[in-house]
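Letter by letter, the chains look like this.
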Amino acid sequence: MTDATDTGWMDTDTGRRTFLKLAAGTGALSATSLAGSATAYAAAEATPSAFNAPFPVSGYAAQSATSPLGPFDFKRRAIGTNDVAIEIHYCGVCHSDIHTARGHWGPQRYPLVTGHEIAGVVTAVGSGVSQFRVGDRVGVGCMVNSCGHCHECDAGFEQYCENGSTMTYGTGVSVEVEPTETTQGGYSTGVVVDKDFVIRIPETFDLAAAGPVMCAAVTVYSPLRHWNVRKGAKIGVVGMGGLGHFAVKIANALGAEVVVFTTSPDKEEDARTFGASDVIVNYGEAKMAEHARSLDFILNTVPYQHDMDPLVGMLKRDATMCLVGIGDVSEPNQLSPFSTIQRRNSFAGSLIGSIRETQEVIDFCDLHGIAPEYQLIRFEDLNQTWEDVIAKRARYRYVIDVQKA
């Protein structure tokens with residue numbers, strides 16, 4: 001296994017806050033990074049006074065675990081010293097939005113606005129913000145804060161914050177932090193986020209495509225880099241949905257040979273177009289025999305209960321299968337101990353990705369011409385869209401066009 005410190009991604013003596021400030025500028029250099037705090041103060045002075053108090057936005061929310069989504073007007077917090085206010089232009093639809101709103105991952109506070117694949121434009125910055133200015137193209141992913149001082153945060157892995165990361169939606173907070181007493185997500189017209197959790201979107205990257213990078217892409221990128229997937233490796237990607245199609249594209253760009261496992265025969269051609277060298281449909285006996293004990297790593301993106309034992313049989317000795325797909329936790333997957341002990345295989349999991357990794361992956365995607373396959377929708381399409389996601393009809397990400405909603 002490799003760690004960020006093993007690969008030179010981050011000096012262990014570099015504090016989290018310092019590193020995040022540097023990482024925020026790893027995209028195309030802009031005048032902001034050169035102008036320093038003077039630019040931030042100038043932007044703050046030009047900020048409309050409306051941002052100095054909680055301000056109204058519109059969105060779509062679930063009123064309960066069983067109700068359809070509907071319009072919801074609410075207030076975002078006043079912009080603070082270290083905050084960035086963002087006008088949301090696009091927000092991707094993730095299956096996690098559905099699992100959370102429907103209570104599959106535990107009880108929620110309602111009304112709840114989901115959405116953590118946010119792309120938009122900066123409309124105001126606090127006086128302590130120097131790396132962003134009004135007009136910058138930015139994104140927000142699954143987290144909007146963390147404690148900033150535990151071992152994991154100091155190491156640059158705030159998704160594993162020992163005191164609990166503040167997720168983009170569904171985290172209960174005080175009314176002093178958020179007017180609704182919970183964090184509300186990107187199915188809305190605007191958001192206010194701590195500067196250390198804002199991602200710079202390269203000028204050459206399609207803004208509508210950037211939202212899914214904030215979650216789907218970094219969720220697969222993080223384990224691919226952690227398990228050192230590179231040229232010469234042969235890996236498996238299980239599932240060809242929003243995460244899986246990104247995984248094939250990114251692994252292919254890293255130089256790996258990719259074998260896709262899917263239950264959808266009509267996705268075979270897509271998988272090959274995205275860079276897969278072979279496709280195994282429904283554990284086809286001949287193909288499973290052909291690739292048995294040949295894979296260096298498997299990334300499993302499937303969020304449903306499924307038979308994982310045959311997949312482990314595809315791994316070489318000492319190789320790992322990592323699960324990133326999470327569905328209804330009341331229906332857990334099972335794995336026979338004999339599947340792993342016969343060739344000393346490992347079964348692992350990975351949680352989204354860090355802020356550093358999120359900036360890395362959008363820069364990587366921009367460099368290699370990688371983008372999600374997506375379909376634009378409007379707010380009023382959301383209920384049907386959620387049904388399509390559940391029925392596995394998405395090809396491969398739905399993105400809300402907030403400005404046309």
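Above this text you will find the structure in question.
First, a word on scope: everything that follows refers to the structure included in this document. (Residues numbered from 1 in each chain as written. Predicted model: local features only at pLDDT ≥ 70, side-chain atom pairs only at ≥ 80, totals over all residues. Heavy atoms only, no water.)

Where helix 7 (residues 207-226) meets helix 8 (residues 242-253), the closest approach of the two axes is 9 Å, and the angle between their N-to-C directions is 55°. When the interaxial angle is binned, helix 7 and helix 8 end up oblique. The crossing of helix 7 and helix 8 is right-handed. Within the contact between the two elements, helix 7 uses Pro 212, Val 213, Ala 216, Ala 217, Thr 219, Val 220, Tyr 221 and Leu 224 and helix 8 uses Gly 242, Leu 243, Phe 246, Ala 247, Ile 250 and Ala 251. (Axes fitted to C-alpha atoms, helices over the stretch in contact; angles between N-to-C directions. Helix = DSSP H or I, 4+ residues; strand = E, 2+ residues; numbered from the N terminus. Parallel < 35°, antiparallel > 145°, perpendicular 65-115°, else oblique. Left-handed = near helix turned anticlockwise from the far one by under 90°. Contact = heavy atoms within 4.5 Å.)

Here we come to the packing of aromatic side chains. Per the counting criterion, the structure on display carries seven aromatic pairs. Between Tyr 221 and Phe 364 the ring centres are 6.0 Å apart and the planes differ by 50°, which places this aromatic pair in the tilted class. Here Tyr 221, found in helix 7, pairs with Phe 364, found in helix 13 (residues 355-368); they are 143 residues apart in sequence, far enough to count as distant. Exposure remark for Tyr 221: the relative accessible area of 2% places this residue in the buried category. Where Phe 274 meets Tyr 396, the ring centres are 5.5 Å apart and the plane angle is 75°; that geometry is what we call edge-to-face. In this pair, Phe 274 sits in helix 9 (residues 268-274) while Tyr 396 sits in the loop between helix 14 (382-390) and strand 17 (397-401), placing the two residues 122 residues apart along the sequence. What makes Phe 274 buried here is its relative accessible area of 10%. You can call Tyr 396 buried: its relative accessible area is 4%. Residue placement shows Arg 356 over the ring face of Phe 157; its charged tip is 5.0 Å from the ring centre. (Phe/Tyr/Trp six-rings, centres within 6.5 Å; stacked < 30°, edge-to-face > 60°. Buried < 20%, exposed > 50% of the residue type's maximum accessible area, 1.4 Å probe, protein only. Lys NZ or Arg CZ within 6 Å of the ring centre and 35° of its normal.)

Sheet strands associate in pairs through backbone hydrogen bonding, adopting either a parallel or an antiparallel arrangement. Pairing in this open sheet of six strands is parallel, and the strands run 12-11-10-13-14-15 from one edge to the other. Sheet topology places strand 12 (278-281) and strand 15 (346-349) at the edges, where each strand pairs with a single neighbour. Geometrically, the sheet is characterised by an average inter-axis angle of 20° between neighbouring strands, direction not taken into account. Alignment of strand 10 (residues 234-238) against strand 13 (residues 295-300), held across four bridges, turns out to be parallel. If you follow Val 238 over to strand 13, its bridge partner there is Asn 300. This element, helix 7, spans strand 10, strand 13 and strand 14 (315-323) of the sheet and lies at about 155° to strand 13. (Pairing = 2+ DSSP bridges.)

None of this, on its own, says anything about what the molecule does.
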